[in-house]
Structures are given as C-alpha cells and as structure tokens.
Amino acid sequence: MLKEFKEFAIKGNVVDMAVGIIIGAAFTSVVQSLVKDLLMPPLGLLMGGVDFSEFFIVLKEGSIPPPYATISAAQEVGAVTINYGQFINTAISFLIVAFAVFILIRYINKLKRPEETPEPVSPSVKKCDYCFSDISVKATRCPHCTSDLEE
C-alpha cells in the first residue's frame, strides 16, 4: 500500500491537484473581496444604503433587548441570529467562482481536444447501371447480371 501511495504521490496528478487547490483558495479570496468590496456596496446603495452582510433575524434575544444595530452587537449580548445577509454574499461569491471555473474548464477542454474533422468515408458499394443491384466499387463485372461495368 505504501508503494502504491508513493507512485500516486509522485505522479503529476497530485502536484496538479495541489496547485489547483492553492490557486483556488487564492481565487476564492479575490472573488470574496470582489463581492464584499466592489459589488455589494453599490448594490446596497441602490437599495437605500443597506449593507447586505448586516441582514439578520433575531431568533432569541440576548441579555439586552433588541433592536441590535449589527450582527456582532447582537452576538456580544448573546442573541441567537440567522445571518441571511452573509449567506447572500456567500451565494453570490459561489456563483461567481462557479462561473469562472466553468469558463476555465471550457477553455482547457478546447485546448486539450482539437477540432475533430471526420475523415471522408469512401463508398464501398455502388449500384449496377443495368440491374441496379448493390456491388463492390472494385467490381468490373456485375455478379448478378454479368454486365461489363464502366470504370
């Protein structure tokens, strides 16, 4: 089993996978910043200056009764909250990452397999001009009616 693992680890697949994970993690943080810092502020401004990351529902009050200005303020006093605004941000980040990965994989697949053009298939059978039977294209005489065939 150790020998198999060494062979697996030495192959390029493991190295490729490790590089992919590292690049994916870096790419994810870039996308999260894109969503949090560039997309959501104008979207929140269009919706009346709302910060999506601070949308939450209080399930159980904390030691101080609501309203709570922020999620962190609610959590500091022990309130239990559903943070659906942060979920919206995460869902948008996921969609952007998924779309970018789709485009990347699509591009890689185009690079891997060149356009395949089917080879023209030459016919192996033709019709006899006299009896209209199927005969080999190499035949010089029809086996059915024994007519001489033109080449």
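The structure this text deals with has already been given above.
Rules of the game
- Throughout, a residue's number is its position along its own chain's written sequence, starting from 1.
- Residues qualify for local features only when their pLDDT is at least 70, as the model is predicted, and side-chain atom pairs are given and counted only at 80 or more; totals for whole chains, interfaces and linings, by contrast, use all residues.
- Side-chain metrics in this entry use all non-hydrogen atoms of the structure; hydrogen atoms and water are not considered.
- Helix numbers and strand numbers start at the N terminus; a helix is a DSSP run of H or I with at least 4 residues, a strand a run of E with at least 2.
- We take the radius of gyration over the C-alpha atoms and set the globule estimate at 2.2 Å times the residue count to the 0.38 power.
- Summary of the burial criterion: residues with accessible area below 20% of their type's maximum are buried, those above 50% are exposed, and those between are partly exposed, where the area comes from a 1.4 Å probe applied to protein chains only.
- In this description, contact between two residues means that some pair of their heavy atoms is separated by no more than 4.5 Å.
- Here a patch means residues that are over 30% exposed by relative accessible area and free of salt bridges, tied together within 9 Å if like-charged and within 5 Å if nonpolar (Val, Leu, Ile, Met, Phe, Trp, Tyr).
- Residue exposure ignores everything except the shown protein chains as possible cover, and the areas themselves are Shrake-Rupley values with a 1.4 Å probe.
- Definition used for salt bridges: Asp or Glu carboxyl oxygen within 4 Å of a side-chain nitrogen of Lys or Arg.
- Here the aromatic set is Phe, Tyr and Trp, taking the six-membered ring for Trp, and pairing holds for ring centres within 6.5 Å; pairs whose planes are under 30 degrees apart are stacked, those over 60 apart are edge-to-face, and all others are tilted.
- Nine residue types can take part in a nonpolar core, namely buried Ala, Val, Leu, Ile, Met, Phe, Trp, Tyr and Cys, and a core is a set of them joined through side-chain atoms within 4.5 Å.

(A) Representation of the overall build of the chain within the structure. What the chain contains, in helices and strands, is four helices and four strands. Along its sequence from the N terminus, the chain presents helices and strands in the succession α-α-β-α-β-α-β-β. Its C-alpha radius of gyration of 34 Å places the chain more than 25% over the 15 Å reference for a compact globule of 151 residues. Across its three principal directions, the C-alpha atoms of the chain cover 105 × 50 × 30 Å. Burial statistics for the chain: of 151 residues in total, 17% are counted as buried. Across the chain, every contact between residues at least 6 apart in sequence was considered, and the portion connecting residues at least 24 apart equals 29%.

(B) Fine view of a nonpolar patch on the surface. Side chains of Ile57, Leu59, Val80, Ile82, Tyr84 and Phe87 sit close together on the surface and give an oily, nonpolar patch of about 570 Å² of accessible area. Elements that contribute at least two residues to the nonpolar patch include exactly strand E1 (57-60), strand E2 (80-82) and helix H4 (84-112). With respect to the helices, strands and loops of the structure, Phe87 is situated in helix H4. Note on Phe87: relative accessible area 60%, which makes it exposed.

(C) Spotlight on the packing of aromatic side chains. Per the stated rule, a full pass over the model turns up two aromatic pairs. Both rings, one in Phe55 and one in Tyr84, keep their centres 5.7 Å apart while their planes meet at 45°; by these two values the pair is tilted. In this pair, Phe55 is assigned in the loop between helix H2 (12-46) and E1 and Tyr84 in helix H4, connecting sequence segments 29 residues apart. Ring geometry for Phe99 against Phe102: centres 6.5 Å apart, planes inclined by 35°, an arrangement best described as tilted. Placement of the pair is Phe99 and Phe102 together in helix H4, with a separation of three residues, close to one helical turn. On the basis of relative accessibility, which here comes to 47%, the residue Phe102 falls in the partly exposed class.

(D) Quick peek at the nonpolar core. Counting six residues, the largest nonpolar core consists of Phe56, Tyr68, Ile71, Ala74, Val77 and Ala79. With residues up to four places along the chain from it excluded, the contact list for Tyr68 reads Phe56, Val58, Glu61, Gly62, Ala73, Ala74, Val77 and Ala79.

(E) Examining the pattern of salt bridges more closely. Throughout the structure, instances matching the rule amount to two salt bridges. Across the salt bridge formed by Lys127 and Asp134, the nearest N and O atoms sit 3.0 Å from each other. Asp148 serves as the salt-bridge partner of Arg141, at 3.0 Å between the closest nitrogen and oxygen. With relative accessibility at 46%, the residue Arg141 sits in the partly exposed group.

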